[in-house]
Amino acid sequence: MRPAILTWSCVVALTAAVLLGQAPHPAAQAPAGPKKHVLAWADVRNGYQHDAISHAVATLERLGYESGAYDTFIRTDSQLITKHPITFASGTGIATGADFLYRNLNYFDAIFFFGVREIDLTPQQRADLLSFVRDDGKGFVAAHSAATAFFSWPEFGDLLGGRFDEHPWGRDGIADATVVVDDHAFPAMRRFPDRVVMHDEHYQLKDFSRERVHVVAHLDPSSVDLNAPLVHRTDRDFPVAWSKTYGKGRVFYSTLGHAAESWDNPLIQSMYFEALRWALHLSE
Amino acid sequence: MMRRVRFGTTVAAAALLVVMASAEQAAPGQGGRGGRAGGPPRVRTRKVVLAWADTRNGIAQHDSTSHALAVIERLGYESGVYDTYIRTDSNIVSSKPLMTTGQPASGGPSLANVDAIFFMGHRDVPLDAQQRAELAAFVHDEGKGFVAAHVALTAFEGWPEFGDLLGGRYDDHPWNTASGTVINDDPSFPATKHFPATFPFVDEFYQAKGFSRDAHVLLRLDVSKMPPNPQLRNTDFPLAWAKTYGKGRVFYSSFGHAPETWDNRNVAQMYFEAIKWALGLTDANVTPRAVR
């Protein structure tokens, strides 16, 4: 027998076990149609690892798992960011070369991205990531420090819709500010009240255009100190969340989610979960 | 039809954690980082666990890996016992982590500031010689904890010291995923005391070889109840053990092949209690015993 750890026979046997009711706790109810696959990608090797990141990816995994909307692969490396076969040359592993049972971007329907700063991707990986959204129509949902990523890569700014430009407010960048919802019809914003005070590391964004991104929430400029030293915008326009398209794909970004506790806030959970469902074409 | 997502803590999880949270975490304001317990901000008293699952080599990532990491994170978060860093790269497994450029990282988690590792990597995990030495010393010399699940038994085939640390090596799964009877060899150990004397279980049971004489077996498969299999080479078939490695505490269990296995409350409690024991929050006798 092939000494594989995971074989199709295991999968079949497991499926049978589930159908026979032998699974200990079948929490995930399969929805109609094939389950979507989300890659929760948080390569933090080259920047500050926010304490929130592990809790954020674990929370989104749970929301997908419990709802049955999607399965999640959590990765803090970038190996899967490719449409090409994944092989490895070194080592004593049983699976080398062409036999490697990889899951690359072709397997996934959307990415949840919570990376930071410069991430080590080859030019081919960068091209594949853009094509994943633009040509394949897959989803890209990004949180908080995602806006600090890939400053050296202009196309990433086009994909995401804007760039980080400091967190000017409060002690250590953390402050209360009033979030004003622009579009309650957007699925990610449906649970939000018109205005809500959020305690977070509120970002100032730059290099975005309201003609290219659909702002669904913004900061009430009267709720923040416009004279803070790092406030650079003169138009008082501080988006908190936007949706956009990039080619055929759907993109969502929000500044919210600096602290682990933020991800326990039902508003933030529902925002990112519904954004993922929208990016997966499970809602319109 | 999709079920509605339950935002926030589920009733099931809350009930589980009422059972699992022990007295030392019960003080007011000592709940999870999520702040559900209320109270003022407090100094960092929780332990820090690195949930590490480098799956870049081997036969692709198990479907259970990410769910397992998320469950481990949640158990620590909601109980307030530990905070978790989830990592699937191995740069963090160093006292001085490097960026992908080779330059020193700008701080953040490292072996110098975590108290235990939950490990679910597999096969030939890419660590250089310095990282391997530091990982072994993390447990052996610094007395930190190491809790490993399922595929961890397949890891680091080319590194003999890792077999000594973990207490065994992977030697196939003769029945693939199958139903079996598990014998509880130590109902006094914190991670297995909630299991009955014997219980049915469905999993991909890993056969161990090179089994360490200094390991204290907690759970084993009743091989006499399994169908004959030519790949069965070890009639002593441990499925969970605890041991020491130098000053550090080590726990391994084969349980956890399928995502659903991690929803089994007994399995979740086993790993949670194993982590608490490895962190030194509970104590147990792990004197090795002769094979029965």
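Residues numbered from 1 in each chain as written. Chains lettered and ligands numbered in written order. Predicted model: local features only at pLDDT ≥ 70, side-chain atom pairs only at ≥ 80, totals over all residues.

A. Summary view of the nonpolar core. Of all hydrophobic cores here, the largest spans 159 residues; its most connected members are Phe112(A), Leu276(A) and Ile275(B). Looking at this core, the element that brings in the most residues is helix H5 (residues 265–278) of chain B, giving nine residues. (Core = buried A, V, L, I, M, F, W, Y, C linked by C-beta atoms within 7 Å. Buried ≥ 20, exposed ≤ 12 C-beta atoms within 10 Å, placed from the backbone. Helix = DSSP H or I, 4+ residues; strand = E, 2+ residues; numbered from the N terminus.)

B. Representation of the packing of helix H2 (residues 52–67) of chain A against helix H2 (residues 64–79) of chain B in the model. Relative orientation of the contacting elements H2(A) and H2(B) amounts to 115°, with a least axis distance of 9 Å. With respect to each other, H2(A) and H2(B) are oriented roughly perpendicular. Here the hand of the crossing between H2(A) and H2(B) comes out left-handed. Contacts between H2(A) and H2(B) involve Ser54(A), His55(A), Ala58(A), Glu61(A), Arg62(A) and Tyr65(A) from the first element and Ser66(B), His67(B), Leu69(B), Ala70(B), Glu73(B), Arg74(B) and Tyr77(B) from the second. Residues belonging to the contact of H2(A) with H2(B) are distributed by class as follows: five nonpolar, four polar and four charged. (Axes fitted to C-alpha atoms, helices over the stretch in contact; angles between N-to-C directions. Parallel < 35°, antiparallel > 145°, perpendicular 65-115°, else oblique. Left-handed = near helix turned anticlockwise from the far one by under 90°. Contact = placed C-beta atoms within 7 Å. Nonpolar A, V, L, I, M, F, W, Y, C, P; charged D, E, K, R; others polar.)

C. Summary view of the sheet that holds strand E2 (residues 70–75) of chain A. Residues and elements named next belong to chain A. Taken in spatial order, the nine strands make up an open sheet running E2-E1-E3-E4-E11-E10-E9-E6-E7, and their pairing is mixed. The strands lining the two open edges of the sheet, one partner per strand, are E2 and strand E7 (195–200). Shown here is a sheet whose adjacent strand axes are inclined to one another by a mean of 20°, direction ignored. Both strand E1 (residues 36–41) and strand E3 (residues 110–113) contribute to a ladder of four bridges, which runs parallel. Residue Ala-40 lies in a different strand from E3, and its bridge partner there is Phe-112. Sheet strands in contact with H2 are E1, E2, E3 and strand E4 (139–143), and its direction is about 160° off that of E2. The strands touched by helix H3 (residues 123–134) are E4, strand E10 (239–246) and strand E11 (249–254); relative to E11, the strand with the most contacts, the crossing angle is about 105°. (Pairing = 2+ DSSP bridges.)

D. Region of the structure containing helix H5 (residues 266–279) of chain A. All names here are of chain A. For H5, which comprises 14 residues, the first-to-last C-alpha distance of 19 Å matches the rise-based estimate of 20 Å (1.5 Å per residue) to within 8%. The buried fraction of H5 is high, at eleven of 14 residues. Burial in H5 covers these residues: Ile-268, Gln-269, Met-271, Tyr-272, Phe-273, Glu-274, Ala-275, Leu-276, Arg-277, Trp-278 and Ala-279. Trailing H5 by a residue or two, His-281 shows a phi angle of about 65°, which is positive. (Expected span 1.5 Å × (residues − 1).)

E. Molecular detail of helix H3 (residues 129–140) of chain B. All names here are of chain B. Along its twelve residues, H3 runs 16 Å from first to last C-alpha, staying within 8% of the 16 Å computed at 1.5 Å per residue. Buried residues of H3: Gln-131, Glu-134, Leu-135, Phe-138 and Val-139, and no others. All buried residues of H3 fall inside an arc of 130° around its axis, so they share one side. More than 90 degrees from the buried face of H3, the exposed residues found are Ala-129, Gln-130 and Ala-133. (Arc of directions from axis to C-beta.)

F. Summary view of the pairing of strand E9 (residues 216–221) of chain B. Residues and elements named next belong to chain B. Most of E9 is tucked away: six of the six residues are buried. With three bridges joining them, strand E6 (residues 177–184) and E9 adopt antiparallel strand pairing. Opposite Ile-183, over in E9, you have Arg-220 as the bridge partner. In terms of strand pairing, E9 meets strand E10 (residues 238–245) through four bridges, oriented antiparallel. Residue pairing for E10: Val-217 is matched across the bridge by Trp-241.

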